[in-house]
Amino acid sequence: MSRICYGCGSKLQYADKEKNGYVRKEKINDAKYCERCFKMIHYGENIKNKEPKTIDEIIKTLNKNAKFVVFMSSFIDISYDIVNIYKKIKVPKILVISKSDIIPKNISFEEIKKYIRVNYGIKEDIVFTSYNSSLNSFIKKISEYDEIYFVGMTSSGKSTLINKINEKLGSKNVKLTTSYKENTTEDFVRLKIGNMTIIDSPGFLIENFEVGKNENIFEEIKPITYQNKLPCTFKIGNLFKIRIDGKSSVVFYFSKNINLERLYNNKVIGTTFRVGKDSDIIITGLGFIKTTEDITITVPSDIVKYINIRPSITGGKNLK
Ligand SMILES: Nc1nc2c(ncn2[C@@H]2O[C@H](COP(=O)(O)OP(=O)(O)OP(=O)(O)O)[C@@H](O)[C@H]2O)c(=O)[nH]1
Ligand SMILES: [Mg+2]
């Protein structure tokens, strides 16, 4: 019988070093982790998953096998694209806004809930989790089901949350592999935790800006506001520059480790588009920029694929 890696769910194999689940031949019968997970856990390496599962493959498995689904996304990434994936799941489900510790304190969970219900028409329960919250009521809620699939955006914290539940309930499972890089979990992993079977899943991968450790958001976001009066260029760390034309407040929700610099007389070559007032310009995986008035924005053309526009999650008419 084939065995799986407890860290990422890949089938263990020794035939091809380049494929998921590789271990050395002599380890095939007793390794708990594939070589990639072993290196990620013990040496902090980040090794890319070369064969990520597609969104359709994951959805198909859920609609065929799942009894109950926990769907996770951070408040940064929530957008029409993500809600469209959520809506393709046809079995009982709840929406979990993960990493609630990164939400600025001036935005209440109730406001975000209302925003999601009003703007995306989600009727199911919406709950907030974080790796440093108590999780008692969340665990109580999911334990009404004996089998639960955890799915959601890549890096939304699925494996971390399952490890926490495992720890809280004192189960002796091997730890799932976690990392800030995309597509850490490669295949479904079933764990018996208390009376529940919890299934970790590979994350849904939409175009995701690849962050380094420095740009990943590990703690509460402190938004940075500029009053844009003239056309200005903003340098976002050493990553890229954007240009904003229009009189508007421009509020950046990024990792505090990203230095922002406002430049005048500095052109950006790329793609230009209009953004309506009270919008968030999401750079998926990195953060978002809120604008309060109509603006025109120019971004380098290779960044366009990461951009999603949504009604602003942090206030204005979108919360009414
Ligand atoms: N601030 C914060 N960071 C978190 C939280 N949960 C997870 N993270 C971090 O987010 C990153 C991704 O966590 P994972 O648990 O690997 O995410 P995942 O959803 O399993 O990712 P895939 O397997 O790629 O789909 C890691 O760097 C975690 O430390 C949380 O509650 N708060
Ligand atoms: Mg994972």
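No experiment lies behind these values; they were computed from the predicted model shown.

Taken as a whole and assessed by the stated rule, the structure comprises 17 aromatic pairs. Geometrically, the ring pair formed by Phe-75 and Phe-288 is edge-to-face, given 5.7 Å between the ring centres and 80° between the ring planes. Pair noted here: Phe-75 is in the loop between β1 (69-74) and α3 (80-87) and Phe-288 is in strand β14 (residues 287-291), with a separation of 213 residues, a long-range link. Of the two residues examined, Phe-75 and Phe-288, each falls in the buried class. Between Phe-109 and Phe-128, the aromatic rings sit 4.3 Å apart at their centres with planes inclined by 5°, giving stacked as the arrangement. Residue Phe-109 is found in helix α4 (residues 109-120), and its partner Phe-128 is found in strand β3 (residues 126-128); the two are separated by 19 residues along the sequence. Residue Phe-109 is classed as partly exposed on the basis of its relative accessible area, which comes to 36%. Judged by its relative accessible area of 16%, Phe-128 falls in the buried class. Here the aromatic residues Tyr-226, Phe-234, Phe-252 and Phe-254 are joined through ring pairs into a cluster of three or more.

As far as domains go, the chain holds domain 1 (49-200) and domain 2 (213-319). Counting residues at the interface gives 21 residues for domain 1 and 23 residues for domain 2. Between domain 1 and domain 2 lies a buried interface of about 1,900 Å² when both sides are counted; carbon and sulfur atoms form 61% of it. It is Ile-76, Tyr-115 and Tyr-180 in domain 1 that bury the most area against domain 2; as a group they hold 32% of the surface buried on that side. Summed over the shared surface of domain 1 and domain 2, the number is 1 salt bridge. A salt bridge links Glu-220 to Lys-105, with the nearest nitrogen and oxygen atoms 3.4 Å apart. Summed over the shared surface of domain 1 and domain 2, the result is 8 residue pairs in polar contact (both at pLDDT 80 or more).

In the first shell of the magnesium ion (ligand 2), the protein supplies Ser-159 (OG) and Thr-185 (OG1), at 2.0 to 2.2 Å from the metal. Taken as a pair, Ser-159 in helix α6 (residues 158-168) and Thr-185 in the loop between α6 and β5 (189-193) lie far apart in primary sequence, 26 residues in all. Note on accessibility: Ser-159 and Thr-185 belong to one class, buried.

We now examine empty space enclosed by the protein. Applying the stated criterion to the full structure yields 1 cavity of 30 Å³ or more. Counted as a void, the largest cavity has a volume near 280 Å³. Lining the largest cavity are 23 residues; nearest its centre among them are Asp-77, Lys-99, Ser-155, Asn-216 and Gly-285. Across the lining of the largest cavity, the residue classes break down as 9 nonpolar, 8 polar and 6 charged.

A volume near 800 Å³ is recorded for the largest pocket. Those elements that place two or more of their residues in the lining of the largest pocket are α1 (35-43) and α6. Looking at which element gives the most residues to the lining of the largest pocket, the answer is α6, with 7 residues. Classifying every residue of the lining of the largest pocket by side-chain character gives 11 nonpolar, 21 polar and 8 charged. Residue-level mapping places the lining of the largest pocket at the junction of two domains, with at least three residues from each of domain 1 (49-200) and domain 2 (213-319).

Next up on the list: the pairing of β14. Taken residue by residue, a regular strand's side chains alternate between the two faces of the sheet. The buried count for β14 comes to 5 of 5 residues, which makes it a mostly enclosed element. Burial along β14 is two-sided: Gly-287, Ile-289 and Thr-291 facing one way and Phe-288 and Lys-290 facing the other are all buried. Two strands pair when backbone bridges link them, and strand β10 (residues 248-253) and β14 are joined in this way by 4 bridges, in the antiparallel orientation. Residue pairing for β14: Val-250 is matched across the bridge by Thr-291. Adjacent in sequence and paired antiparallel, strand β13 (residues 279-283) and β14 are bridged by 3 residues, among which Gly-285 carries a positive phi angle near 90°.

A few words now on the site of ligand 1. Contacts to ligand 1 come from 24 residues, most closely from Asp-101, Tyr-131, Lys-158, Thr-160 and Thr-184. With respect to ligand 1, the side chain of Lys-99 contributes an N or O atom lying 3.0 Å from an oxygen atom. When the free accessible area of ligand 1 is taken as 650 Å², the share hidden by the protein chains comes to 95%. Here ligand 1 occupies the largest pocket. Its residues assigned to classes, the shell around ligand 1 shows 6 nonpolar, 14 polar and 4 charged.

The rules we used
Residues numbered from 1 in each chain as written. Chains lettered and ligands numbered in written order. Predicted model: local features only at pLDDT ≥ 70, side-chain atom pairs only at ≥ 80, totals over all residues. Heavy atoms only, no water. Phe/Tyr/Trp six-rings, centres within 6.5 Å; stacked < 30°, edge-to-face > 60°. Helix = DSSP H or I, 4+ residues; strand = E, 2+ residues; numbered from the N terminus. Buried < 20%, exposed > 50% of the residue type's maximum accessible area, 1.4 Å probe, protein only. Domains from an automatic or database assignment. Contact = heavy atoms within 4.5 Å. Buried area = accessible area lost by both parts, 1.4 Å probe. Salt bridge = Lys/Arg side-chain N within 4 Å of Asp/Glu carboxyl O. Polar contact = N/O pair within 3.5 Å; in protein donor to acceptor, adjacent residues only side chain to side chain. Donors = N, O, S within 2.8 Å, 3.2 Å for Na, K, Ca; no water. 1 Å grid on protein atoms, 1.4 Å probe; cavity = no way out; pocket = protein on both sides within 12 Å on 5 of 7 lines; lining within 4 Å. Points joined across faces, edges and corners; volume = space filled by probe spheres on them. Nonpolar A, V, L, I, M, F, W, Y, C, P; charged D, E, K, R; others polar. Pairing = 2+ DSSP bridges. Near = heavy atom within 4 Å. Areas by Shrake-Rupley, 256 points an atom, 1.4 Å probe, with all protein chains shown as cover. Sits in = over half its atoms within 2 Å of the grid points.

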